[in-house]
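So you can see what is in the structure, the chains are spelled out below.
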Amino acid sequence: MKEQQLLESFNKFNHNSEFLSYSELASGHINDTYLVKGTDGTNYVLQRINHGVFKDVPGLISNKVNVSKHLQSKFSHLPKNEIFRKVLSFIESTNGNFYYIDIEGNYWNLMVFIDNSITFETVSNKEVAYEGGKLIGDFLNLTSDFDAKKLIEVIPKFHDMSFRFSQFEDALKVASEERLEQAKKYIDLVWSLKDEMHIIQRLKESGEIKLRVTHNDTKISNVLFDTNNKGLCVIDTDTVMPGVVHYDFGDAIRTICNSAAEDETDLNKVNFNLEYYNAYTKGFLEKVESALSPIELKYLPLGAKTMIFIMALRFLTDFLNGDTYYKTKYPEHNLDRAKNQFKLIESMSEKMNVL
Ligand code: GN1
Ligand code: MG
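Residues numbered from 1 in each chain as written. Chains lettered and ligands numbered in written order. Predicted model: local features only at pLDDT ≥ 70, side-chain atom pairs only at ≥ 80, totals over all residues. Heavy atoms only, no water.

1. Here we look at the overall build of the chain
Tallying secondary structure elements over the chain gives 12 helices and 10 strands in all. By the compact-globule yardstick of 20 Å for 355 residues, the chain fits well, its C-alpha radius of gyration being 20 Å. A principal-axis box enclosing the C-alpha atoms of the chain has dimensions of 55 × 50 × 40 Å. Surface exposure of the chain reaches about 15,600 Å², of which carbon and sulfur atoms provide 49%. Each charge class in the chain can be summarised by its mean position, and for the 41 positive and 50 negative side chains these summaries are 3 Å apart. (Helix = DSSP H or I, 4+ residues; strand = E, 2+ residues; numbered from the N terminus. Rg over C-alpha atoms; globule rule 2.2 N^0.38 Å. Areas by Shrake-Rupley, 256 points an atom, 1.4 Å probe, with all protein chains shown as cover. Lys, Arg positive; Asp, Glu negative; His and termini not counted. Charge placed at Lys NZ, Arg CZ, Asp CG, Glu CD.)

Structure representation (structure tokens):
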């Protein structure tokens, strides 16, 4: 991205600042994200939203701005500077929206960066797992009175298992011989887990598990901590939409309880950490147990396994499709991610019963 393009986009938002410098925040798989230093001493997060993946960007922006406002109202007893450390704040564009479209058709949005915060790609102590659980649980609890019907489905059928299977089946038809051969073992694994991985889907379809406001991308790197490892704020709310709590519970576990990063290629390093699972679950339930029904609670562990599977399946599907969705750094990157997630499922199943 050219600096001039970032500067121009930055200037299309209402702040009393000039563009000083920028650096890329490169951990996401979909959007392009930049840290912009302003002359007012504030750090901003400028983001180009991938409108190939997100077809209705204005709808996405409206979802996340409204959820932020709702969360901010829950903290209205606190001083403003504290609220802004707990909830993302979006900046209006000069045209009165919260996004700007440049001449190339790129969509931009701007947030205030939360200073003195850290993120973790992997977790190395129980406290972080517990704090992560509290923050995700609190996000679900504080949004439990927000009418999910007021949110658009940013990516239709995002965590819908039947949809992910149909994409997988389509990918099998177009995949190269070579990729089919490389992926064979994992393709077989997908079929062997199919029934179990549809249990939550069926409970959702029958209405036994209800739709709520959910985040849908609760990996631990989307949680900010302060420098004492205390949880601060859940970020990356692009995928906020109606969903079931199980996948928010589970996506955090997918990343907290994996002893390695999601694309670690040495599978001996990929192990499920039960101690972190228990610490995370404790924090999560402390915040949201009272808002959940018995059936929602019963299926949380299966939700975690199912969420890991969804990611394994999506990475594998993208590999078979020739890497059209996720950013990849080398040809087998998606396959390596899938292998990693399948190993995590195996390790989890060895350590605990999910049903
Ligand atoms: C993508 O772009 P990022 O890193 O926030 C993906 C998530 C996956 C995640 C895996 C819109 O999120 O669903 O869990 O990668 N987001 C989208 O790391 O597909
Ligand atoms: Mg995301």
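2. A word on the UniProt feature "domain: Aminoglycoside phosphotransferase" (unreviewed entry) in the chain
UniProt feature "domain: Aminoglycoside phosphotransferase" (unreviewed entry): in the numbering of this structure it lies at residues 22-258. The span residues 22-258 is 39% helical and 17% strand by assignment, and the distance between its end C-alpha atoms comes to 32 Å. (UniProt positions renumbered as here; feature names shortened; annotations may be inferred.)

3. Some words on the pattern of salt bridges
Taken as a whole, this structure holds 16 salt bridges when the rule is applied. Note that Lys305 is salt-bridged to Glu196, the shortest N-O span being 3.1 Å. Residue Lys305 is found in helix α11 (residues 300-320), and its partner Glu196 is found in the loop between α6 (177-193) and α7 (199-205); the two are separated by 109 residues along the sequence. The class of Glu196 is partly exposed, set by a relative accessible area of 21%. Linking Glu262 and Arg254 is a salt bridge whose minimum nitrogen-to-oxygen distance equals 2.8 Å. When salt bridges that share partners are traced, they join Glu127, Glu131, Lys134 and Lys230 into one network. (Salt bridge = Lys/Arg side-chain N within 4 Å of Asp/Glu carboxyl O. Buried < 20%, exposed > 50% of the residue type's maximum accessible area, 1.4 Å probe, protein only.)

4. Let's talk about the nonpolar core
Core analysis: the biggest nonpolar cluster contains 105 residues, and Phe309 and Leu316 have the highest contact counts within it. The dominant element in this core, judged by the number of residues it contributes, is α11, at 14 residues. When we break this core down by domain, the ones giving at least three residues each are domain 1 (2-114) and domain 2 (126-351). Phe10, Tyr34, Val36 and Leu110 belong to the second largest nonpolar core, which has 12 residues in total. (Core = buried A, V, L, I, M, F, W, Y, C linked by side-chain atoms within 4.5 Å. Domains from an automatic or database assignment.)

5. Focus: the coordination of the magnesium ion (ligand 2)
All of the protein donors around the magnesium ion (ligand 2) are Asp217 (OD) and Asp236 (OD); their distances to the metal are 2.0 to 2.1 Å. Of this pair, Asp217 sits in the loop between β7 (212-214) and β8 (223-226) while Asp236 is found in the loop between β9 (231-234) and β10 (241-243), placing the two residues 19 residues apart along the sequence. On the basis of relative accessibility, which here comes to 24%, the residue Asp236 falls in the partly exposed class. (Donors = N, O, S within 2.8 Å, 3.2 Å for Na, K, Ca; no water.)

6. Observations concerning the site of ligand 1
Residues in close proximity to ligand 1 total 16 residues, the closest being Lys219, Asp236, Glu262, Arg314 and Tyr325. Residue Ile30 places a main-chain N or O atom 3.1 Å away from an oxygen atom belonging to ligand 1. Counting only elements with at least two residues in the shell around ligand 1, the list comes to α8 (245-256) and α11. Counted by class, the shell around ligand 1 contains 7 nonpolar, 2 polar and 7 charged residues. Two domains share the shell around ligand 1, each providing at least three of its residues, namely domain 1 (2-114) and domain 2 (126-351). (Near = heavy atom within 4 Å. Polar contact = N/O pair within 3.5 Å; in protein donor to acceptor, adjacent residues only side chain to side chain. Nonpolar A, V, L, I, M, F, W, Y, C, P; charged D, E, K, R; others polar.)

7. A short note on the packing of aromatic side chains
If you walk through the whole model with that rule in mind, you get 19 aromatic pairs. Centre to centre, the rings of Tyr22 and Tyr34 are 5.9 Å apart; their planes meet at 65 degrees, and the pair counts as edge-to-face. Taken together, the residues span a long stretch of sequence, with Tyr22 in strand β1 (residues 19-24) and Tyr34 in strand β2 (residues 32-38) at a distance of 12 residues. Three or more aromatic residues link up through ring pairs in this structure, and these residues are Phe165, Phe168, Tyr186, Trp191, Phe309 and Phe342. Across from the ring centre of Phe75, 5.3 Å away, lies the NZ or CZ of Lys86, which sits over that ring. (Phe/Tyr/Trp six-rings, centres within 6.5 Å; stacked < 30°, edge-to-face > 60°. Lys NZ or Arg CZ within 6 Å of the ring centre and 35° of its normal.)

8. Regarding the environment of Asn66
Relative to the elements of secondary structure, Asn66 occurs in helix α2 (residues 57-74). Distance from Asn66 to Gly303, taken between C-alpha atoms, is 27 Å for residues 237 residues apart in sequence.

9. Quick notes on the domain arrangement of the chain
Per the domain assignment, the segments making up the chain are domain 1 (2-114) and domain 2 (126-351). Once you take the C-alpha centre of each, domain 1 and domain 2 turn out to be 25 Å apart. Taken together, the contacts link 26 residues of domain 1 with 30 residues of domain 2. Of the roughly 2,300 Å² buried at the junction of domain 1 and domain 2 (both faces included), carbon and sulfur atoms supply 63%. Area buried by domain 1 at its contact with domain 2 is led by His29, Asn63 and Val67, which between them contribute 28% of it. On the surface where domain 1 and domain 2 come into contact, there are 3 salt bridges. Put simply, Asp238 and Lys64 hold a salt bridge, and the shortest N to O gap is 2.6 Å. Every element with two or more residues in the side of domain 1 that touches domain 2 is listed here: β3 (43-49), α2 and α3 (80-86). In terms of residue count, the dominant contributor to the side of domain 1 that touches domain 2 is α2 (9 residues). Of the residues assigned to the side of domain 1 that touches domain 2, the class counts are 12 nonpolar, 8 polar and 6 charged. (Contact = heavy atoms within 4.5 Å. Buried area = accessible area lost by both parts, 1.4 Å probe.)

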